[in-house]
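# Per-entry structural report
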Amino acid sequence: MNIVLIGFMGVGKSAVGHLLASELKLNFLDTDELIEKTEGRSLSEIFKASGEAYFRQVETETLRTLQDYDNFVLSTGGGMALKEENVSLLKSLGPVILLKAEPDVVFERVKNEKHRPLLEVADPKAEIVKILEFREPFYDKAADHVVDTSKMSPEETAKEIIQWLRSKSS
Ligand code: S3P
């Protein structure tokens, strides 16, 4: 069994993914980490030297590679669910769970972090609102289940997801 987490930066995909993996005895995988490992450079370096379009191509290739594996929770980069091909690949892995959060909450969670190239702009808060608005329909369309994490801890979110998985299989 696999579980796929999608959603914007700062919604808790990594934290929740780690908790789910340990609770359900699955491996934890993160597409950003896999990409950094295969590319041998950081996301910031990839964006700067090769551009976003190249990064998006590598994201799709990474999803293709994962089709041969099983028993993992996959945390995906915030732009993953925008491409139709990616959504098909994600869905063939397992249930796709969308984590959401209010823009203000996202901003608070990411403001001191330095590894998010898309938010390295003069007004990151306005950027979050703008990107989220554009992406919302793509995220919703790809999701089998949605959890708003704005007022929830990663532990509470993981618990909610486990309940949902159990209700689905019973
Ligand atoms: C991106 C989100 C990042 C990373 C890249 C692009 C996006 O992942 O993939 O910087 O387009 O939203 P996180 O959502 O894990 O921060």
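All of the points below concern the structure found in this document. Please read these numbers as outputs of a predicted model, since none were measured by experiment.

### Re helix H3 (residues 43-50)
- Of all the positions in H3, only Leu 43, Ile 46 and Phe 47 are classed as buried. Buried residues in H3, looked at end-on, bunch into an arc of 95°, giving them a common side. For H3, the exposed residues lying more than 90 degrees away from the buried face are Lys 48 and Ala 49.
- Along its buried surface, H3 packs onto helix H2 (31-39) and helix H4 (52-66).
- Trailing H3 by a residue or two, Gly 51 shows a phi angle of about 90°, which is positive.

### As for the packing of aromatic side chains
- Tallied over the full model, the rule gives two aromatic pairs.
- Residues Phe 47 and Phe 55 carry aromatic rings whose centres are separated by 5.0 Å and whose planes lie at 40° to one another, so their mutual orientation is tilted. Comparing Phe 47 with Phe 55 shows no difference in burial state: the two are buried.
- When the ring of Phe 134 is compared with that of Phe 138, the centres are 5.4 Å apart and the planes differ by 40°; the resulting orientation is tilted. One end of the pair is Phe 134 and the other is Phe 138, both in helix H7 (residues 124-142) and four residues apart, which spans about a single turn.
- Judged by its relative accessible area of 54%, Phe 134 falls in the exposed class.
- Overall, the relative accessible area of 31% leaves Phe 138 in the partly exposed class.

### Considerations on the site of the ligand
- Close to the ligand lie 13 residues, the nearest being Lys 13, Asp 32, Arg 56, Arg 116 and Arg 135.
- The side chain of Arg 135 places a nitrogen or oxygen atom 2.7 Å from an oxygen atom of the ligand.
- Relative to its free-state accessible area of 390 Å², the ligand is covered by the protein chains to the extent of 96%.
- Grouping the amino acids of the shell around the ligand by side-chain chemistry returns five nonpolar, three polar and five charged.

### Observations regarding unusual backbone geometry
- Of note in the backbone geometry, Lys 25 takes a positive phi value of approximately 55° without being a glycine.
- Of note, Lys 25 is situated in the loop between helix H1 (13-24) and strand E2 (27-30).
- Lys 25 gets classed as exposed once you look at its relative accessible area, which sits at 72%.
- Even without glycine at this site, Asn 71 takes up a positive phi of about 70°.
- Among the structural elements, Asn 71 can be located in the loop between H4 and strand E3 (72-75).

### So, the side chain of Asn 2
- Here Asn 2 is to be found in the segment before strand E1 (3-6).
- Asn 2 sits in the buried class, given a relative accessible area of 6%.
- A distance of 3.5 Å separates the side chain of Asn 2 from the side chain of Asp 70, its partner in a polar contact.
- Among the polar contacts made by the side chain of Asn 2, one reaches the main-chain amide nitrogen of Phe 72 at a distance of 3.0 Å.
- Excluding anything up to four places from it in sequence, Asn 2 contacts Tyr 69, Asp 70, Asn 71, Phe 72, Leu 93, Gly 94 and Pro 95.

### Points about the nonpolar core
- Grouped together as the largest cluster of nonpolar side chains are 45 residues, with contacts concentrated most on Ile 6, Phe 8, Leu 20, Leu 90, Ile 97, Ile 128 and Ile 161.
- Leaving out residues up to four positions away in the same chain, Phe 8 has contacts with Lys 13, Gly 78, Leu 99, Val 106, Ile 128, Ile 131, Leu 132, Arg 135 and Tyr 139.
- In terms of nonpolar packing, the next biggest core, distinct from the first, is built from six residues, Leu 43, Ile 46, Phe 55 and Val 58 among them.

Conventions adopted
- Residues numbered from 1 in each chain as written.
- Predicted model: local features only at pLDDT ≥ 70, side-chain atom pairs only at ≥ 80, totals over all residues.
- Heavy atoms only, no water.
- Buried < 20%, exposed > 50% of the residue type's maximum accessible area, 1.4 Å probe, protein only.
- Helix = DSSP H or I, 4+ residues; strand = E, 2+ residues; numbered from the N terminus.
- Arc of directions from axis to C-beta.
- Contact = heavy atoms within 4.5 Å.
- Phe/Tyr/Trp six-rings, centres within 6.5 Å; stacked < 30°, edge-to-face > 60°.
- Near = heavy atom within 4 Å.
- Polar contact = N/O pair within 3.5 Å; in protein donor to acceptor, adjacent residues only side chain to side chain.
- Areas by Shrake-Rupley, 256 points an atom, 1.4 Å probe, with all protein chains shown as cover.
- Nonpolar A, V, L, I, M, F, W, Y, C, P; charged D, E, K, R; others polar.
- Core = buried A, V, L, I, M, F, W, Y, C linked by side-chain atoms within 4.5 Å.

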